[in-house]
Amino acid sequence: MNLTLPSHATNAANPWRPRYHYTPQRHWMNDPNGLVHFDGEYHLYYQYNPQGSDWGHISWGHAISTDLVSWQELPVAIPATERVMAFSGSVVVDHANCAGFAPEGSAAPALLAFFTGFDPETKIQSQHLAYSLDRGRSYTPYAGNPVIDIGSTEFRDPKVFLHAPTRRWVMLVVAALEQQVWFYTSVNLIDWTRVSTFGPAGSADKNIWEVPELFELPIDGDATNKRWVLIVSVNHGSLWGGSGVQYFIGSFDGNHFTPDNSDTTLTLWAEHGRDFYAPITFANLPDERVLWLGWVSNWEYARELPSNPWRGQQSGVRELSLVSTPQGPRLRQRMVCEMHALLEPEPLLSLRALPAGEAVQALSQATVTGRQLMARLAVATQGLQAPIGLEFFKGGGESVRVGFDPAANCFFIDRRCSAPVFKGQSERHDGPRLLDTPEIELEVWVDGSLVELLADGGSVALTDLVYAAADASGVGLFHGDEAAQVRSLDLHAVRATMHHVSEVL
């Protein structure tokens, strides 16, 4: 059922529920799985417990969208069985019918889902295959499963894609405790040969590797100068503790990934917030963009979060690129243009070229409130002596601060001023140090209980959960320097795209 409701009605019922980020109507959700575009639809599969709001009975939940922002929840696509839970994985479109699952003469290709089958009794993790002939609504397990089984209890999260230059399919799987990515190749998507290993590397101290991802991007938009980006999600011992996402830049020949930097201890973090994990990219896109999203949570406290009747939410879809820096190419993330189409055309507030003190007064007089917002702030850095930024979820002496600290020369999200309701909420999270620049700019997306900060043109990304009081919806500007100059500030309300009927009827 589709039902359009005013945002105030849904907020009053459950202020922590995101309204333009995906959450299931109820129950547990974690990693996104099998992101794929097919026949005009974007598919979001995800780790899901159809029986409760804690981890267990892991199946593939399912939602579809035609625009990357309005998602319709569908029935479970790959259900758990008594002997096999469906852990994380990927989906490919078998256009050439390499696996032979599409009926002879059929014009519609099969969708193939690769996932880790977890046996609750033996604890063995092996790689399974299932195929769909109904546009991704349901999947039939391959009779010869598993397609890869090494007898391990820590071997998971297959990422499969077609490597065009070698005309072979490639699968990445993590040997989690060894902190390695194993590479396999195949011509028929059923029989796989191991060809290489990468790791340990980067942040390897006590980490468990999960959810590998590999894609190619041009540097600075130059199609003649591309590099490959290998993503590894790590659990334990990440940037702020718990889970996080690191990446490596290098070359890939269809068999081996070779990092550009020979220093295996160099760690590049895709995210500097606490709550962004297991991101994967969409396959079979109709354009040249590379898009991903991730689970907004952290394994250190994911099972303790107070949301109800759901637990788990996905980030906004972000477009990826590589940009040149003095240290080499680095990952950049920007919210997709489809997300910007959700902004109400008339801004709640728009300011230009004001001293920070006057901007504070203007914002206070406007009495802007909301929990579904997008804000852009640009500030002159010359002579800036104290942190400056925006406050969200403001009320009752609480707030969350998102800003720039000139002493540390970094962007940050500070949730220490919000009442802690879970481990880790009383923290400040800093982005990487910036190069000297005459102006800093930040873009913030706020939705119910999450904050996404994409700053410095997307070169800095921080995502954090915040469970603020139900009546804390004020917006403010903070500064500690009377000479601070606000170049521009724009605040927009964001239209709701997720409507959960049971919460408002």
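Now for a description of the structure that goes with this document.

About the thresholds
Residues numbered from 1 in each chain as written. Predicted model: local features only at pLDDT ≥ 70, side-chain atom pairs only at ≥ 80, totals over all residues. Heavy atoms only, no water. Helix = DSSP H or I, 4+ residues; strand = E, 2+ residues; numbered from the N terminus. Rg over C-alpha atoms; globule rule 2.2 N^0.38 Å. Buried < 20%, exposed > 50% of the residue type's maximum accessible area, 1.4 Å probe, protein only. Contact = heavy atoms within 4.5 Å. Areas by Shrake-Rupley, 256 points an atom, 1.4 Å probe, with all protein chains shown as cover. Lys, Arg positive; Asp, Glu negative; His and termini not counted. Charge placed at Lys NZ, Arg CZ, Asp CG, Glu CD. Pairing = 2+ DSSP bridges.

**Focus on the overall build of the chain**
So, step 1. Helices and strands together make up the secondary structure of the chain, namely 3 helices and 33 strands.
So, step 2. The C-alpha radius of gyration computed for the chain amounts to 23 Å, which stays within 12% of the reference 23 Å derived for 505 residues, consistent with globular compactness.
So, step 3. When burial is assessed residue by residue, the chain has 59% of its 505 residues classed as buried.
So, step 4. At a minimum sequence separation of 6, the contacts of the chain that also span at least 24 residues come to 62%.
So, step 5. Of the roughly 19200 Å² of accessible surface on the chain, 49% is carried by carbon and sulfur atoms.
So, step 6. Of the side-chain charges in the chain, 35 are positive and 56 negative, and the distance between the mean point of each set is 1 Å.

**Quick notes on the pairing of strand E14 (residues 222–235)**
So, step 1. When strand E13 (residues 208–219) meets E14, the two strands line up antiparallel, connected through 10 bridges. If you follow Glu-216 over to E14, its bridge partner there is Trp-228.
So, step 2. Sheet topology places E14 next to strand E15 (residues 243–252); 8 bridges connect them, and they run antiparallel. From the neighbouring strand, Val-229 faces E15, where its bridge partner is Ile-249.

**Here we look at the sheet that holds strand E20 (residues 310–311)**
So, step 1. The strand order across the open sheet formed by 5 strands is E4-E3-E2-E1-E20, and the pairing between neighbours is mixed. Looking at strand neighbours, the two that pair on one side only are strand E4 (72–78) and E20, the edges of this open sheet.
So, step 2. Across 7 bridges, the pairing between strand E2 (residues 41–49) and strand E3 (residues 59–65) is antiparallel. For Tyr-48, the partnering residue across the bridge sits in E3 and is Ser-59.

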